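Observations on the model geometry
Chain residues, written in single-letter form:
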Amino acid sequence: MGSLFSRGRPEAPSPSFADIKARQNAEAAAAQARKDVEAAKTQIAELIRSNKESQQKAEAALQAAIQAAAASREQTDNEMKAMRQAERAANEARCAAEAAARTATEEAKQRAAEAEEARKRTAAVQEQAKRDAQAAQEQARKLQEAANEEKRKATAAQEAANASKKAAEEQVKTANAAKAEAERKLKEGIQPVVTPTPEEVSAAKRRVKYREDLFHFAVAGVAGGGKSSLINAFRGLRNKDAGSAATGVTETTLAMARYGSPNAEYPYVWYDIPGAGTLKIPDWQYFNVQGLYVFDCIIVLFDNRFTMTDIAILTNCRRFKIPTYIVRSKADQHIRNIMKDMGYDSDDDESEDQKKKLYQDARQQFIQQTRQSVKDNLKSANMPDQRVYIVSNEPMLGVVKEKRPKKIIDEIELLNDLIGEAQTRRARRDAEVATIMKEK
């Protein structure tokens, strides 16, 4: 064996095409394996080490095959076998490398997909967190605004409460002062002022059947003053005529009575008001209880003397700006009484001239006494002077019937003034209605 090597190494036999092909395949497989392993070495370090070991084995096998081929032709089969083994090993290594590469790629894709999914979830969480933060900020802003509004309301409520408290204290103070003033006035005999409510005014108008197209006269005063008889005379009726107001020696009017005018030319309504002193009503309450504040004109009628009830009616009429007429009734009876006081006796035979003179003297005395008495009473009540009309029912009936009664005093003036008052107010109302319609 030594002699053979001493004679020089024989030339290696030329590899066959299959050997060359196998070698090329082995080298290509090894190169491909190295490339695949290199691409995935960061992810499959263990597989790379395994691939390197396989490559080393393949190189060792190849080297062994070369050495075996060079050593002897006889070893060709063994070398071929070894080459085939090496090829199989290389193929296995390549397949393993490819499988490892595919696995690594799939894992990388899966991890990338998981990473993308995680990124999306993170982005979604961040977006939701951003929206939640914005919503929380908006909620906090609204809560702050609500708190500020509640604070403002609380402050306003406190201010309103303070104002209400102050107003209540002022009202209490005013009420106490009013109470003290009312007590003082009551002690001094000054009656309180009572103003009806709008509901009371409406109720009073319904009670008297008030109509805007009519003029409403109320005849008021103390009981027994002759209100019913005067209303009958104004309407052109005698006390016993059909449709006349009931009359009598005692007060017959215990409830308000309404009488229309028989003459359609004069759209008047006359109201017979119960006399003061018959309903257990204090003088100062008579005006409001009877609802006199709804009438267009009030005749304050008295017989013998001017009373506090008459003063109370006039005072309240001034408050409500209601026209008033002070009338003393039964003038003929009072004049006859004065004539008797002067010595007149109907049974005596006196001349007509003496009777006329006595009548004129008694008439003049009655007129002067009446006017002076009313003037003094108005002055005592701190009220302005006002004319008093002195009338008798019989002459008034004659004036209404357009006759010429002889013994008249103020009947004509009273009737003309009442008619004029009604016409003036109606003209004023018509003008107001025309102005309203024009504005519309």
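Residues numbered from 1 in each chain as written. Predicted model: local features only at pLDDT ≥ 70, side-chain atom pairs only at ≥ 80, totals over all residues. Heavy atoms only, no water.

Next up on the list: the packing of helix α6 (residues 227-234) against helix α11 (residues 393-400). One can describe the packing of α6 onto α11 by two numbers: an axis separation of 8 Å at closest approach and a directional angle of 20°. When the interaxial angle is binned, α6 and α11 end up roughly parallel. Note on packing geometry: the crossing formed by α6 with α11 is right-handed. Packed against α6, whose contacting residues are Ser229, Leu230, Ala233 and Phe234, the element α11 presents Asn393, Met396, Leu397 and Val400 at the interface. Grouping the amino acids of the contact of α6 with α11 by side-chain chemistry returns 6 nonpolar, 2 polar and no charged. (Axes fitted to C-alpha atoms, helices over the stretch in contact; angles between N-to-C directions. Helix = DSSP H or I, 4+ residues; strand = E, 2+ residues; numbered from the N terminus. Parallel < 35°, antiparallel > 145°, perpendicular 65-115°, else oblique. Left-handed = near helix turned anticlockwise from the far one by under 90°. Contact = heavy atoms within 4.5 Å. Nonpolar A, V, L, I, M, F, W, Y, C, P; charged D, E, K, R; others polar.)

As a further point, take the nonpolar core. Grouped together as the largest cluster of nonpolar side chains are 29 residues, with contacts concentrated most on Leu292, Phe295, Ile298 and Ile313. The leading source of residues in this core is helix α8 (residues 308-320), at 4 residues. Among all residues touching Ile298, those that are not within four sequence positions of it are Ala218, Phe287, Leu292, Ile313, Cys317, Ile322, Pro323, Thr324 and Tyr325. Phe215, Met396, Leu397 and Ile419 belong to the second-largest nonpolar core, a separate cluster that totals 27 residues. (Core = buried A, V, L, I, M, F, W, Y, C linked by side-chain atoms within 4.5 Å. Buried < 20%, exposed > 50% of the residue type's maximum accessible area, 1.4 Å probe, protein only.)

If you check the backbone angles, Lys321 has positive phi at about 55° while not being a glycine. Mapped onto the fold, Lys321 is located in the loop between α8 and β5 (324-328). Phi at Lys330 takes a positive value of approximately 55°, unusual for a residue other than glycine. Here Lys330 is to be found in the loop between β5 and α9 (331-341).

In this structure the tally under the stated criterion is 15 salt bridges. The shortest N-O distance in the salt bridge between Glu138 and Arg141 comes to 2.2 Å. Residue Glu138 and its partner Arg141 are located together in helix α4 (residues 76-188), separated by 3 residues, close to a single helical turn. A residue is classified by how much of its surface remains accessible, and Arg141, at 36% relative accessible area, is partly exposed. (Salt bridge = Lys/Arg side-chain N within 4 Å of Asp/Glu carboxyl O.)

An order of β2-β3-β1-β4-β5-β6 is seen for the 6 strands of this open sheet, with the pairing classed as mixed. Each of the sheet's edge strands pairs with one partner strand only, and the pair in question is β2 (257-260) and β6 (388-390). The mean angle between the axes of side-by-side strands here comes to 25°, regardless of whether they run parallel or antiparallel. Taken together, the 4 bridges between β2 and strand β3 (residues 268-272) define a ladder with antiparallel strand orientation. The residue of β3 that forms the bridge with Gly260 is Val269. Of the strands in this sheet, β4 (297-302), β5 and β6 are in contact with helix α10 (residues 352-380), which crosses β6 at around 155°. (Pairing = 2+ DSSP bridges.)

Summarising the element assignment, Val219 is placed in strand β1 (residues 215-221). As a C-alpha pair, Val219 and Asp272 span 53 residues in sequence and 5.6 Å in three-dimensional space. When near neighbours in sequence (up to four residues on either side) are disregarded, Val219 contacts Lys227, Ile231, Trp270, Tyr271, Asp272, Ile273, Ile299 and Leu301.

Below, the discussion takes up the pairing of β1. In terms of residue burial, β1 counts as a mostly covered element, since 7 of its 7 residues are buried. The pairing of β1 with β3 spans 5 bridges and is classified as parallel. Considered in β3, the bridge of Ala218 is made with Tyr271. Of the strand pairs in this sheet, β1 and β4 are connected by 5 bridges, and their pairing is parallel. The residue bridging Ala220 from the neighbouring strand is Val300, located in β4.

This part is about the side chain of Glu411. Position of Glu411 among the secondary structure elements: in helix α12 (residues 411-439). Despite its burial, Glu411 pairs with no opposite charge, the nearest such side chain being Arg363 at 6.9 Å. Polar contacts involving the side chain of Glu411 include one to the main-chain amide nitrogen of Ser392, which spans 2.9 Å. Excluding residues within four positions of it along the chain, Glu411 makes contact with Ile390, Val391, Ser392, Pro395, Met396 and Val399. (Lys, Arg positive; Asp, Glu negative; His and termini not counted. Polar contact = N/O pair within 3.5 Å; in protein donor to acceptor, adjacent residues only side chain to side chain.)

Another point: the side chain of His216. Turning to its location among the elements, His216 is positioned in strand β1. Excluding residues that lie within four positions of it along the chain, His216 makes contacts with Lys209, Tyr210, Arg211, Val269, Tyr271, Phe295, Asp296 and Cys297.

To continue, consider the packing of α9 against α10. α10 packs onto α9 with a crossing angle of 115° between their chain directions and a minimal axis gap of 9 Å. Crossing of α9 against α10: the hand is right-handed. Contact with α9, carried on its side by Ala331, His334, Ile335, Ile338 and Met339, involves Lys355, Leu358, Tyr359, Ala362, Arg363, Gln365, Phe366 and Gln369 of α10 and no other residues of that element. Of the residues contributing to the contact of α9 with α10, the split by class is 8 nonpolar, 3 polar and 2 charged.

The next subject is the packing of aromatic side chains. A complete count under the given rule lists 10 aromatic pairs for this structure. Each ring, one from Phe234 and one from Trp270, has its centre 4.6 Å from the other, and the planes form 10°; the classification is stacked. Here Phe234 is found in helix α6, whereas its partner Trp270 is found in strand β3, with 36 residues between them in sequence. Just as Phe234 is buried, Trp270 falls in that class too. Three or more aromatic residues link up through ring pairs in this structure, and these residues are Phe215, Phe217, Phe234, Tyr268 and Trp270. Geometry around Tyr210 places Lys205 over its ring, the cationic atom sitting 4.8 Å from the centre. The positively charged end of Lys407 is found above the aromatic ring belonging to Tyr359, 4.6 Å away from the centroid. (Phe/Tyr/Trp six-rings, centres within 6.5 Å; stacked < 30°, edge-to-face > 60°. Lys NZ or Arg CZ within 6 Å of the ring centre and 35° of its normal.)

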